Structures are given as C-alpha cells and as structure tokens.
Amino acid sequence: MSTISIQHLSKSYGKFLAVDDVTVEIPSGSVFGLLGPNGAGKTTTFKCLLGLARASSGEVRFDGKPLTPDLFESITYVPERSVLYEWMNGAEHLEMQRRTFKRYDTARAKQLMDRFQLDPRKRVRAMSKGMRSALAIVMSFSIHPETLVLDEPTSGLDPVNQRAVLNLIIEAAAQGATVVLSSHQIGQVERAADHIAVLKDGKVILAGAVDDLKSDRKIVEGIFPSETIAVDGLRRDARIERLDQSGRILRLTVTANGGGLAETLSTMGAQSVRIVDLNLEDIFLNAVAPGSQTADVVEAR
Amino acid sequence: MPAVFTVDPRSGVPIYLQLIEQVKRSVALGVLAPGEQLPTVKQLAVDLTVNPNTVARAYRDLERDAVIETAPGRGSFVRADGVANQAGAAADVAAEAVTRAVREAKSLGLSSAAVRKLFDSALTRWFPEEK
C-alpha cells in the first residue's frame, strides 16, 4: 500500500543498457500497467524495483523510503518464469508460503485453490503451464499482499482463469493495494490498470492515466478534393504526433484532444472530417511504431 | 441490482465516461429511481472487471453533476431532488446524441443546410402535435 517512486533508474549488463533513465511514479492504491515490446526492459525494471537486481544508477523508493526487509512481508512478486519446484506438490508450496509469511491465510489459500480448481496433491512436474501459473497466483494472493508485482501473471491461463486473476487484482486494488503489472494482453491492462507506462529500448516513451491518454489522443482524418494538400502549416504543430497522407486522405494522430484540428482541416478545404477514438492498443502501437514522435512530445512537455 | 451497466474497455471512449453516460441515461429514463442505491465502487469494479479508481472517478463526477450523492459508510444513491437534475441528465445524454449525429452527417459530406433539413423532418416526425 505504498507509493512506489522509481527515479532515474538505469541498469546495464556489460555494454547493454537494459533500462535507461526510467522515472515513474506509481500512486498508492493504483494498478499500474507496464507495457512494451519484448526486450524493452520490463522484467529488469521489476527486478530492480524489488532489489533482485542492483541498479547501475538511480533509485526506487516505497513511500519515500528504500526497500527494507520488513516491507517484503507484504510484497508479492510473480515472475515471468515460474519458480515452482518440480518435485513438490501444491500443498507443499503453500506450506512453504505459510512458513515464510506471517500474513499467510490458510482459509484464503484453500478458497483460491478451489477457485482455480487445483489439486493440492498434484506435483508441479505433472502440471500444465496454466496450472503452474494458477498455483503461483494462489501463493501470491494467499498472503493478502499490499504491494503486488506481477510479470505476465495471466500467461498460459485459459480465458476463464485470466478473468479470475484480473478480478483478484481488482479486488486487491479496491482494498487499497498497489499493483504493478506487465502483460502483452493490452485488453487486460485496459480493464485493470488506471495508469500505464510504455517502455521501448529501456526508455519510458509514454506514461499517464489510461482514461486521460484515451481522452487526449485521437485520429483526425480529412478527405480533401485533391491530392495537393497544404500540410506545411501542420508540420510544426505540437498537437500533431503523426501525420500520414495517402492520396486525398490526410490522417493526423493528435494529442490534447485534437484541440480544434478537425475545424482546421475543414478550413483547409476538407470535404469530410472524422474524429476517431483510439483504444489503448492503438495508442501503444502508435507509441512503439518506428518514426513516432511520441518521445519528443513527452520530453517537450 | 436493477440497472446493469456494461462497458466496452476496448473502446476509445474512456471507461469512466461510458459509466457516467449510462448512469445518466438510467436516471433520465427512470430505470434508476430517486433514492435508489448504486452498487459500491468495489462491487461494480469486480462485476465489470474494471479498475476501481475508474469507477470511483465516474461516481465523483456524477456527484459533482448532482446526479448521485454518497453518504459515507452507507453508499451512493440517486439524488432525491432528481426532477431538475434528471432533466439535466436527460439533456446531457440528448446533447451528446445530437452532436454525434451532426458530426457523422458532416463526415458524410452533408452541408449544414442539408443537416438542418434532416433535423426539421425528424422534429416533424416525432413532435407531430406541434405542427
């Protein structure tokens, strides 16, 4: 239940800079989605956040304080790759959890095992990928965590269990927990998260509240009478993130709600102007697309 | 719960705005009666599988617009002094529908005169007694 503040975090492995000057503020009680293509630095960021990897520079603070062992009691981490023991069964994993965490709740663990239809006597060796993911989730939520760091928590799960995990996250957030999660399933992040950051090549290229990003970013599309469109005046416009012309169609990806650009295109002689809402996937794909000016726009603010 | 809300998280319209629109519509149509209790933030967040802060934001805006009121520890209710506010809520919903219709007509290349003509014929059709 802490505000997590990541400041100027960098991490290099030899010459490879995995995380490059990341600064992110994760408000207490929010669900924060970390998005990015493979290799963007999400997992490394999580590891530095939890002290599992030593940052090359920068720092992470929980409510203004560095991470201390007592905080670990209420933090749960579901890593991207399962850390379960092949030769142990579900019940033994929960026993391990009980011995490690004072907050472990036996009744809660049982309820979660039932919710995911897991057999406590089944050995991990005999479990499917989905069952392994589910067991890792059961272990995490059995301690009523206040801070959750979830790296691809729904991978390998069927749609019913994916929804069950999202609802566990939402219930935890409703009780005030702070959740940081990564997922390639942007639709899930769109439901569960209130804030996101997009990482690319180790850098934050876009960050904000999901609803604000959606309100802010639109496509303004104009159809002109001829292919000769006087776009020069638009090139320097700070509200325009992308400008694509294909024949008589001019498509602007805009920020600040397009602030009057639909009217501008009308004045420029467009016969038809359309404003298209963007969902999170569109916004994400625009941000990581080559040639996007997003990074510049963010820096210019 | 009498009113079942639905949201489309994949839409480009922010979820909190979708919720506000639906509550206002329900109040305007009397589907939610004055004094009626709304689901708690947590309940609605879990029911819809959406972020609780998003639901809380919708409720805050609905309070600001005098559509609902929240009693600490008891929950959120449709305001009893609703008649005027309901009319306001109805007008809001209608204004959005008209704006959308005009924008779509324009994007199809219609002139303002053509849109006005369509609007007049719709008025004549739905308010025949005023002719």
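Along every chain, residues carry numbers that run from 1 in the direction the sequence is written. Labels are handed out in written order, letters beginning with A for the chains and numbers beginning with 1 for the ligands. Restriction of local features to residues with pLDDT of at least 70 applies here, the model being predicted, together with a cutoff of 80 or more for giving and counting side-chain atom pairs; totals for whole chains, interfaces and linings are based on all residues. The basis for every side-chain value is the complete set of heavy atoms in the structure, and neither hydrogens nor water enter the calculation.

1. Some points on the interface of chain A and chain B
- By definition in these notes, contact holds between two residues if any of their heavy atoms fall within 4.5 Å. Taken together, the contact pairs 31 residues of chain A with 23 residues of chain B.
- Interface area for chain A against chain B, summed over the two sides, is near 2200 Å², with a carbon-plus-sulfur share of 47%.
- Between Lys or Arg on one side and Asp or Glu on the other, a salt bridge is scored when a side-chain nitrogen of the former is within 4 Å of a carboxyl oxygen of the latter. The shortest N-O distance in the salt bridge between A:D212 and B:R57 comes to 3.3 Å.
- Here a polar contact is taken to be a pair of N or O atoms separated by no more than 3.5 Å, where protein atoms must pair a possible hydrogen donor with a possible acceptor and residues adjacent in sequence count only if both atoms sit in side chains. Run the count over chain A and chain B and you get 16 residue pairs in polar contact (both at pLDDT 80 or more).
- Here a helix means four or more residues in a row that DSSP labels H or I, a strand means two or more in a row labelled E, and each is numbered from the N terminus. Residue assignment for the side of chain A that touches chain B shows that the elements contributing at least two residues are α6 (159-174), α7 (186-192), α8 (210-216) and β13 (272-277) of chain A.
- By residue number, the principal contributor to the side of chain A that touches chain B is α6(A), which donates 7 residues. By definition, the buried area sums, over both parts, the 1.4 Å-probe accessible area that each loses when the two are put together.

2. With respect to the side chain of A:Q97
All names here are of chain A.
- Inspection of the secondary structure puts Q97 in helix α3 (residues 90-100).
- Buried, partly exposed and exposed residues are distinguished by accessible area as a fraction of the type maximum, computed with a 1.4 Å probe on protein chains only: under 20%, between the cut-offs, and over 50%, respectively. Of the residues examined, Q97 reaches a relative accessible area of 9% and is grouped as buried.
- The residues contacting Q97, other than those within four sequence positions of it, are Y104, M139, S140, S142 and I143.

3. Examining the environment of A:D277
- With respect to the helices, strands and loops of the structure, A:D277 is situated in strand β13.
- Under the relative-accessibility criterion, A:D277 is labelled partly exposed at 34%.
- Taking the C-alpha atoms as reference, A:D277 lies 6.7 Å from A:I219; in sequence the two are 58 residues apart.
- Once you skip the residues sitting within four places of it in the chain, A:D277 turns out to touch A:K218, A:D282, B:G12 and B:V13.
- Polar side-chain contacts of A:D277 include one of 2.6 Å to the side chain of A:K218.

4. Thoughts on the pattern of salt bridges
- This structure, assessed with the given rule, holds 23 salt bridges over all chains.
- Between A:E281 and B:R10 there is a salt bridge; the shortest N-O distance is 3.0 Å. Taken as a pair, A:E281 in helix α11 (residues 280-288) and B:R10 in the segment before α1 (15-28) lie in two separate chains rather than in one.
- By sharing partners, the salt bridges in this structure join A:E190, A:K214, A:E281 and B:R10 into a single network.

5. Considering the domain arrangement of chain A
Residues and elements named next belong to chain A.
- For every domain, the bounds stem from an assignment made automatically or drawn from a database. Along its sequence, chain A is carved into domain 1 (4-210) and domain 2 (213-300).
- Here the C-alpha centre of domain 2 lies 36 Å away from the C-alpha centre of domain 1.
- Tallying the contact residues gives 15 residues for domain 1 and 14 residues for domain 2.
- Buried surface at the junction of domain 1 and domain 2, both sides included, amounts to about 1200 Å², of which 75% is carbon and sulfur.
- By the criterion of area lost to domain 2, the three top residues of domain 1 are I186, I205 and L206, representing 43% of everything that side buries.
- Our enumeration of links across domain 1 and domain 2 arrives at 1 salt bridge.
- E190 is the partner of K214 in a salt bridge, and the nearest nitrogen-oxygen pair spans 3.0 Å.
- Within the residue set of the side of domain 1 that touches domain 2, elements represented by two or more residues are α7, β8 (195-200) and β9 (203-209).
- Per element, the largest residue contribution to the side of domain 1 that touches domain 2 is 5 residues, and it comes from β9.

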